[in-house]
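Chain by chain, the residues:
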Amino acid sequence: MSRKETAGGVFAAVDIGASSGRVMLGRVTDGPASGKAVSLETVHRFPNGVVELDGGLHWDFDALLEEVLTGLAAAAETAAASGERIASIGIDTWAVDYGLVDAAGALRIQPFSYRDERGRTAVADVHKVLDPARLYATTGLQFLQFNTLYQLATERELRGVQALLIPDLIAFRLTGQRRTEATNASTTGLFHAVTGEWSTEFFRALGLPKNLFPAIIQPGETIGTLLPEVAARTGLEAETAVVAVGSHDTASAVAAVPAQQEDFAYISSGTWSLVGVELDSPVLDEASRLANFTNERGVDGTMRYLRNVGGLWLLSECQRTWADEGHREELAALLESAAALPAGGPQINADDPAFIAPDNMPERIRCAVRSGGAVLPDRPAAVVRCILDSLAAAYARTLARAEGLSGKQTSVVHVVGGGSQNRLLCQLTADATGKTVVAGPVEATALGNVLVQARAAEAVTGGLPELRALVRASVQLESYEPGVVLHSPQG
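None of the values given here were measured: they were computed from a predicted structure.

(A) The environment of glutamate 157, seen in detail. Turning to its location among the elements, glutamate 157 is positioned in the loop between helix H4 (148-152) and strand E8 (161-165). You can call glutamate 157 partly exposed: its relative accessible area is 30%. A distance of 2.8 Å separates a polar atom in the side chain of glutamate 157 from the backbone nitrogen of arginine 159.

(B) Local environment of the sheet that holds strand E11 (residues 222-225). The six strands lie next to each other as E3-E2-E1-E6-E12-E11, forming an open sheet whose pairing is mixed. The sheet is open, and its two edges are formed by strand E3 (36-47) and E11, each paired on a single side. Here the average twist between neighbouring strands, direction ignored, is 25 degrees. As judged from the eleven bridges shared by strand E2 (residues 20-30) and E3, these two strands associate in the antiparallel manner. Following the sheet pairing, valine 28 is matched in E3 by valine 38. Strand contacts of helix H1 (residues 61-81): strand E1 (9-16), E2, E3 and strand E6 (86-92), with the helix running at about 135 degrees to E3, the strand carrying the most contacts.

(C) Just the pairing of strand E15 (residues 294-297), in detail. Residues Thr294 and Glu296 of E15 are buried on one face, and the alternating residues Asn295 and Arg297, pointing to the opposite face, are buried as well. Here E15 pairs with strand E16 (residues 303-310) via four bridges, running antiparallel. In the strand pairing of E16, glutamate 296 is matched with arginine 304. The turn joining E15 and E16, which pair antiparallel and follow one another in sequence, is formed by five residues; a positive phi near 65 degrees is taken by aspartate 300.

(D) How the structure looks around the nonpolar core. Of all hydrophobic cores here, the largest spans 79 residues; its most connected members are Leu72, Ile89 and Leu174. The element best represented in this core is H1, accounting for ten residues. Each residue touching leucine 72, except ones within four places of it in the same chain, is listed here: Ala12, Val14, Val23, Ile89, Leu174, Thr234 and Leu236. Core analysis: the next-biggest nonpolar cluster, separate from the first, contains 54 residues, Val275, Trp322, Cys426 and Val437 among them.

(E) Region of interest: the pattern of salt bridges. Considering all chains together, one arrives at 24 salt bridges under this definition. Glutamate 443 is the salt-bridge partner of arginine 45, the closest N and O atoms lying 3.1 Å from each other. Of this pair, arginine 45 sits in strand E3 while glutamate 443 is found in the loop between strand E18 (436-439) and helix H16 (444-456), placing the two residues 398 residues apart along the sequence. Under the relative-accessibility criterion, arginine 45 is labelled partly exposed at 49%.

(F) Local environment of the layout of surface pockets. By volume, the second largest pocket amounts to about 340 Å³. What lines the second largest pocket is a set of 15 residues, and nearest its centre among them are Glu262, Phe264, Glu278, Pro465 and Arg468. Of all the secondary-structure elements, those providing two or more residues to the lining of the second largest pocket are strand E14 (272-279) and helix H17 (464-472). Residue composition of the lining of the second largest pocket, by class: five nonpolar, three polar and seven charged.

(G) How the structure looks around the environment of valine 375. By the element assignment, valine 375 lies in the loop between helix H13 (361-371) and helix H14 (380-406). Given a relative accessible area of 67%, valine 375 falls into the exposed group. When neighbours within four sequence positions are excluded, valine 375 is seen to be in contact with Pro346 and Val369.

(H) Seen up close, unusual backbone geometry. A cis amide bond, omega 0 degrees, links glycine 440 with the succeeding residue proline 441. In this model, glutamate 458 sits at a positive phi of 65 degrees, which is unusual for a non-glycine residue. Tracing the sequence through the fold places glutamate 458 in the loop between H16 and H17.

(I) Broad picture of the confidence of the model for the chain. Of all residues in the chain, 97% attain a pLDDT of 70 or more, and the chain-wide mean is 94. For residues 1-5, every residue scores under 50 in pLDDT, and the model assigns this stretch twelve contacts once sequence neighbours within four places are set aside.

(J) Structural view of the environment of glycine 119. Relative to the helices and strands, glycine 119 is located in helix H2 (residues 118-129). According to the relative accessible area criterion, glycine 119 is buried, its value standing at 2%. Along the backbone, glycine 119 and leucine 144 are 25 residues apart, and their C-alpha atoms lie at a distance of 9.0 Å. Beyond its immediate chain neighbours, meaning those up to four positions away, glycine 119 contacts Gln145, Tyr150 and Gln151.

(K) Examining the packing of aromatic side chains more closely. In this structure the tally under the stated criterion is ten aromatic pairs. With a centroid separation of 5.1 Å and 50 degrees between ring planes, the pair formed by tyrosine 114 and phenylalanine 146 is classed as tilted. Note that tyrosine 114 is positioned in the loop between strand E7 (98-102) and H2 and phenylalanine 146 in the loop between helix H3 (132-139) and H4, a separation of 32 residues in sequence. Taken individually, tyrosine 114 and phenylalanine 146 each receive the classification buried, so the pair is uniform in this respect. Here the aromatic rings of tryptophan 198 and phenylalanine 213 are separated by 4.8 Å at their centres, their planes lie at 25 degrees, and the arrangement is stacked. Pair noted here: tryptophan 198 is in the loop between helix H6 (182-185) and helix H7 (200-205) and phenylalanine 213 is in the loop between H7 and strand E10 (216-217), with a separation of 15 residues, a long-range link. We note that tryptophan 198, like phenylalanine 213, is buried. In textbook terms, an aromatic cluster arises when at least three aromatic residues are bridged by ring pairs, as seen for Trp59, Trp94, Tyr114, Phe146 and Trp272. Above the plane of the ring of tryptophan 313 lies arginine 115, whose end atom (NZ or CZ) is 3.7 Å from the centre.

(L) Representation of the packing of helix H11 (residues 313-324) against H13 within the structure. Orientation of H11 relative to H13, taken along the N-to-C sense of each, is 120 degrees, at an axis distance of 7 Å. Taken as axis vectors, H11 and H13 run oblique relative to one another. In this structure, H11 uses Trp313, Leu314, Glu317, Cys318, Thr321 and Trp322 to contact H13, whose residues at the interface are Met361, Pro362 and Ile365. When grouped by side-chain class, the residues that make up the contact of H11 with H13 number seven nonpolar, one polar and one charged.

Definitions and limits used
Residues numbered from 1 in each chain as written. Predicted model: local features only at pLDDT ≥ 70, side-chain atom pairs only at ≥ 80, totals over all residues. Heavy atoms only, no water. Helix = DSSP H or I, 4+ residues; strand = E, 2+ residues; numbered from the N terminus. Buried < 20%, exposed > 50% of the residue type's maximum accessible area, 1.4 Å probe, protein only. Polar contact = N/O pair within 3.5 Å; in protein donor to acceptor, adjacent residues only side chain to side chain. Pairing = 2+ DSSP bridges. Axes fitted to C-alpha atoms, helices over the stretch in contact; angles between N-to-C directions. Contact = heavy atoms within 4.5 Å. Core = buried A, V, L, I, M, F, W, Y, C linked by side-chain atoms within 4.5 Å. Salt bridge = Lys/Arg side-chain N within 4 Å of Asp/Glu carboxyl O. 1 Å grid on protein atoms, 1.4 Å probe; cavity = no way out; pocket = protein on both sides within 12 Å on 5 of 7 lines; lining within 4 Å. Points joined across faces, edges and corners; volume = space filled by probe spheres on them. Nonpolar A, V, L, I, M, F, W, Y, C, P; charged D, E, K, R; others polar. pLDDT = per-residue confidence, 0-100. Phe/Tyr/Trp six-rings, centres within 6.5 Å; stacked < 30°, edge-to-face > 60°. Lys NZ or Arg CZ within 6 Å of the ring centre and 35° of its normal. Parallel < 35°, antiparallel > 145°, perpendicular 65-115°, else oblique.

Here you go:
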């Protein structure tokens, strides 16, 4: 592809989840019908995961950054081979976790992972100072024991350091600029859901330095340009901008939901499942708090009213355990065997905190079934069916509750992310919700990342409806209707 054929530019998306990461090139090109289309090309994939360090679970940030730099170098090489120039870089990752950097920019320790138990130990002490009802009325944030404020409450010394959420920490290493992107800031428990600013009263109450986090930046704003050493290492031009996107990966994914109308629900299905609706303003009442729904910022000031539900972490951890035991059956075969089992089998609470940590997930699932008075056979297909039935049921309960609490009724459920490829899960979700399920795109997060960059570069225009129309014109979607029998449900 020549530079002339690229209608609006080439953009590098750094998209990192809790188990893997990728660097992708996004191109806005001339399309036959809509006038434009967006496409993705993966130039680098790499694993990610927690490591045990000094008795805790951490992210190996140094290794992660090395993979990002390797990916950006691959992106620069790929673009140059086609005569293209990368206009900007956008970064999205999971939420809540952070690194502490000193005045010189040195990282104090490798960032803790939310899967570490330390946040749980601080919950009671935080709630003595800040009543949960007061917290929710201000932040609108779902209670999770690993939310950032609980993690920060375990820190012994915060003087002389700043906390940078993981995507902001990567951006800092690329540009030397310290910022906090708004969609991720909204997951900390220290962000005011209405004003969109830091809740300074909570910093004071918890004894946190008022400048612990850098200033907030919005998706579409420029964080900075590349440091000379980063430009030299990657082969990118020094003036290449790093642009803030929906740096919470779910914010980017929801921006790329290919909805045609406003009455949609979404499930961002990956390691976790983020299940909810898009609103114009937060829901901060007591009923919402007791239902444990969250109000997180989306692109263009929207509100992602959702609940974290267990996700495909359950399945991937089972596969890892089975592989360690010598059983390496392909996922497609497991899903086909699971689909052949009768409906109405045992289920678990898919978002029980007991499933957060790694280690022998199949046995923990069987134990949970036994504690409910049922029996789950040892064979993998039965465990897989239990997981997927449980997830679909959780999705249905969560969506019904979201509609009731928000007053927004929906007619279609968009499943994006890796789970959109799991045809059995999509069909079970249609059956459980009684709604049409539209699956895709798989790479919604990277698409949302690229589209925010492209709009900042004026390669595309418009609000979220226009960005979503561009997604519909660019990807293939699959629909599932309630009650339809699947054939060969691979995914």
